[in-house]
Amino acid sequence: MSIKPLIILPDPILRQVSKPVERVDSDLRKLADDMLETMYDAPGIGLAAIQIGEPRRLLVIDLAKEGEEPAPHVFINPEILESSDQRSVYEEGCLSIPDYYAEVERPAAVRVKYLDRDGKLQEMQAEGLMATCLQHEIDHLNGVLFIDHISKLKRDMVVRKFKKLAKDKAPGKMVG
Ligand code: GNR
Ligand code: NI
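Residues numbered from 1 in each chain as written. Chains lettered and ligands numbered in written order. Predicted model: local features only at pLDDT ≥ 70, side-chain atom pairs only at ≥ 80, totals over all residues. Heavy atoms only, no water.

Where an unreviewed UniProt entry is consulted, the protein appears under the name Peptide deformylase, with the organism given as Rhizobium loti. Regarding the protein, the UniProt comment filed under Sequence similarities (unreviewed entry) reads as follows: "Belongs to the polypeptide deformylase family." Its UniProt record gives the protein a comment under Catalytic activity (unreviewed entry), which states: "N-terminal N-formyl-L-methionyl-[peptide] + H2O = N-terminal L-methionyl-[peptide] + formate". (UniProt positions renumbered as here; feature names shortened; annotations may be inferred.)

Structure, rendered in structure tokens:
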């Protein structure tokens, strides 16, 4: 297992639409394990493959709190089958947009189908933080970020800040 570097805004990789997984084999399970290790190290509660530069429709989630038993979930080719009319608001963050948080309104509950790490078809009815996290991660598979759900004014501010940070860190950039 290994920890992979995270892709950070404004890297255009984050805007790629990920491709369906064709085969759930040991290579794919290795990628899922690397994603879990990278997520735990960050730390975060979810991670989409594109956040480590792999444009495949695969995401991992673990909502267990500190001190609890880990509860890793692997979702392959997830699809939202149904979304509730009821909405809920969560303060979201993203490992690809470090240290920025904003409230996002989304359907409060979703029903998803996906393949598990054994390639078996599964369905899950999710609510609360699991529903929010699944929607946040499935957005990543479609090149969508949580800042796409906030006001344009706030989004432009965040993107400008991260563009400046990336420029200041660019190789060849001198101090002063
Ligand atoms: O670690 C994460 N926390 C979080 C909090 C509220 C809503 C969504 C998330 S997902 C995020 C990790 C991440 O960037 N996943 O793509
Ligand atoms: Ni994210």
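(A) Main features of the coordination of the nickel ion (ligand 2). Taken together, Cys94 (SG), His136 (NE2) and His140 (NE2) make up the protein donors of the nickel ion (ligand 2), found 2.1 to 2.4 Å from the metal. As a motif over one chain, the donors of the nickel ion (ligand 2) read C-x41-H-x3-H. You can see Cys94 sitting in strand E4 (residues 87–94) and its partner His136 sitting in helix H2 (residues 128–141), a full 42 residues away along the chain. There is no split in this pair, since Cys94 and His136 are both buried. (Donors = N, O, S within 2.8 Å, 3.2 Å for Na, K, Ca; no water. Helix = DSSP H or I, 4+ residues; strand = E, 2+ residues; numbered from the N terminus. Buried < 20%, exposed > 50% of the residue type's maximum accessible area, 1.4 Å probe, protein only.)

(B) Geometry of the environment of Ile61. By the element assignment, Ile61 lies in strand E2 (residues 58–61). For Ile61, a relative accessible area of 0% puts it in the buried group. Along the sequence, Ile61 and Val24 sit 37 residues apart, while their C-alpha atoms lie 18 Å from each other. In this structure, Ile61 is in contact with Met39, Ile45, Gly46, Ala71, Pro72, His73, Phe75, Met130, Cys133, Leu134 and Glu137, ignoring residues within four places of it in sequence. (Contact = heavy atoms within 4.5 Å.)

(C) Inspection of unusual backbone geometry at higher detail. Of note, the amide linkage connecting Leu9 to Pro10 takes the cis form, showing an omega dihedral of 5 degrees. Looking at where Pro10 falls in the secondary structure, it is placed in the segment before helix H1 (26–41). For the peptide bond that leads from Ala42 to Pro43, omega is -5 degrees, which places it in the cis range. One non-glycine residue with positive phi stands out, namely Asp99, at about 65 degrees. Position of Asp99 relative to the elements: it lies in strand E5 (residues 97–107).

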